[in-house]
Amino acid sequence: MSTNNKLKLGWIGLGRMGEAMTRRLLQNDCDLSVWNRTRSKAEPLVGLGAKLVDGKPDVARCDIVFTMVSTTDDLKEVLFGAGGLLSTAARPKMVIDSSSISQEGSAEVRAELEKRGVDYLCAPVSGNAKVVKAGKLLVVASGPKAAYQAAQPYLAMLGRSEMWVGEGELARIWKIAHNTMFGVIIQNLCEITVLAEKAGIPRHVFLESINNSVLGSMYTKYKTPTLVNLGFDHVTFTPKLLLKDMDLGMGAAKTYGVPMPAAAATRESIAGLVGRGYDDIDFSVLLLETAKSAGLTLTPENVEVSDGLS
Ligand SMILES: NC(=O)c1ccc[n+]([C@@H]2O[C@H](COP(=O)([O-])OP(=O)(O)OC[C@H]3O[C@@H](n4cnc5c(N)ncnc54)[C@H](OP(=O)(O)O)[C@@H]3O)[C@@H](O)[C@H]2O)c1
């Protein structure tokens, strides 16, 4: 497989992340065929040059097929289920999956793909759709090095940086560790923000000071406007997806025999959020629940604060 940018690419899964990532490929003039279960989400991409196909097997003639769906089961379904990518004789040369899924599930997917002569790269990412749009996504891949080298020019188009961490499912472990930290940070950021506000420091003042401290990060910065103005309707990532990732973290902790007390407490807190019915809302709504537990009712501060991205 040559590495010029004229390889035929396919994409399955145009949710928040998939949609933003495909836009990057289209901006780079890639030959891209797309499929999404909810077709209407794929239609706007046609105006940008994407070919919208009717069924998943229609993208199996591409050289590389990217997948960005929700869970391990969803990935198996789009690849191997009835009407799935591989349900006809057509085969792509490679599948690259960027969904956040378990190491075990990913190994099963690899075995099935290899049986069918298809290379497989795990390529989880760090960053939400806004981070993708700002060109700051990080892609971390694992799988056969030669497959990574062939795919690398396309992975590079997705964001600011890409790296290979080794063979097999190692990138899944990387992502599970990454998202465990993602959960623990939002948990603690909500706790200390409520603490500061209850003691008398306005939220925007506190969060901007943390962003300017040694503890500030791209993550604390881009969550700041939402936490200050309580704009949880702009969904970057749902409580349910975060709970899935915390469960993956706890599962890996059990597999490798690593105690993770901070992650365990966070997992329970996020489970409470899901249990209380928070669904199509940004996960950082955790701030409201944390405040409620402290007897504090929050209101939007209506202050313009930087997200560090735009
Ligand atoms: N959002 C983030 O900040 C972020 C960052 C890094 C990684 N991730 C991970 O990336 C993945 C996608 O996240 P997202 O935020 O883009 O989620 P999302 O907006 O909920 O999108 C999920 C996508 O998967 C498709 N899908 C799910 N189950 C399917 C099935 N059984 N068959 C066919 N299509 C199916 C959905 O199709 P429909 O449109 O028809 O529902 C949609 O295109 C998740 O694994 C998530 O954990 C998310």
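Keep in mind that this is a model prediction, so the values were computed, not measured. (Residues numbered from 1 in each chain as written. Predicted model: local features only at pLDDT ≥ 70, side-chain atom pairs only at ≥ 80, totals over all residues. Heavy atoms only, no water.)

**Overview of the pairing of strand β4 (residues 64–67)**
Part 1 of the argument: Burial along β4 is two-sided: I64 and F66 facing one way and V65 and T67 facing the other are all buried.
Part 2 of the argument: Of the pairings in the sheet, the one linking strand β1 (residues 8–12) to β4 comprises four bridges and is parallel in character. Pairing of I12 across the sheet is with T67, part of β4.
Part 3 of the argument: Sheet topology places β4 next to strand β5 (residues 94–97); four bridges connect them, and they run parallel. Among the inter-strand pairings, V65 is bridged to a residue of β5, identified as V95.
Part 4 of the argument: Where the polypeptide runs from β4 across helix α3 (residues 72–80) and back to β5, its parallel neighbour, the crossover connection is right-handed. (Buried < 20%, exposed > 50% of the residue type's maximum accessible area, 1.4 Å probe, protein only. Helix = DSSP H or I, 4+ residues; strand = E, 2+ residues; numbered from the N terminus. Pairing = 2+ DSSP bridges. Right-handed = clockwise from strand over helix to strand, strands pointing away.)

**Quick notes on the domain arrangement of the protein**
Part 1 of the argument: When the domains of the protein are assigned, the result is domain 1 (8–168) and domain 2 (173–293).
Part 2 of the argument: On a C-alpha basis, the centroid separation for the pair domain 1 and domain 2 is 27 Å.
Part 3 of the argument: Tallying the contact residues gives 17 residues for domain 1 and 18 residues for domain 2.
Part 4 of the argument: Among the residues of domain 1 in contact with domain 2, R16, S100 and Q103 are the three that bury the most area, contributing 37% of the side total.
Part 5 of the argument: Where domain 1 meets domain 2, there are zero salt bridges.
Part 6 of the argument: Linking domain 1 with domain 2 are six residue pairs in polar contact (both at pLDDT 80 or more).
Part 7 of the argument: Breaking the side of domain 1 that touches domain 2 down by element, the ones donating at least two residues are α4 (103–115), β7 (125–126) and β8 (138–142).
Part 8 of the argument: Taken together, the residues of the side of domain 1 that touches domain 2 break down into six nonpolar, seven polar and four charged. (Domains from an automatic or database assignment. Contact = heavy atoms within 4.5 Å. Buried area = accessible area lost by both parts, 1.4 Å probe. Salt bridge = Lys/Arg side-chain N within 4 Å of Asp/Glu carboxyl O. Polar contact = N/O pair within 3.5 Å; in protein donor to acceptor, adjacent residues only side chain to side chain. Nonpolar A, V, L, I, M, F, W, Y, C, P; charged D, E, K, R; others polar.)

**Focus: the nonpolar core**
Part 1 of the argument: With 35 residues, the main nonpolar core has W11, F66 and L155 as its most contacted residues.
Part 2 of the argument: Those elements that place two or more of their residues in this core are β1, α1 (16–27), β2 (31–35), β4, β5, β8 and α6 (145–158).
Part 3 of the argument: Counting residues per element, this core draws most heavily on α6, at eight residues.
Part 4 of the argument: Not counting the four nearest positions on each side in its chain, F66 is found in contact with L9, G10, W11, I12, L25, I96, Y154, L155 and L158.
Part 5 of the argument: Ranked by size, the runner-up nonpolar core spans 34 residues in total, among them V131, V194, A196 and I270. (Core = buried A, V, L, I, M, F, W, Y, C linked by side-chain atoms within 4.5 Å.)

**Describing the pattern of salt bridges**
Part 1 of the argument: Tallying each qualifying case throughout the model produces 20 salt bridges.
Part 2 of the argument: With its nearest N and O atoms 3.2 Å apart, the salt bridge here joins D54 to R39. Of this pair, D54 sits in the loop between β3 (51–52) and β4 while R39 sits in the loop between β2 and α2 (43–46); the two residues are 15 residues apart in sequence, bridging distant segments of the chain.
Part 3 of the argument: For D54, a relative accessible area of 63% gives the class exposed.
Part 4 of the argument: One salt-bridge network, in which partners are shared between bridges, spans K8, D31 and K51.

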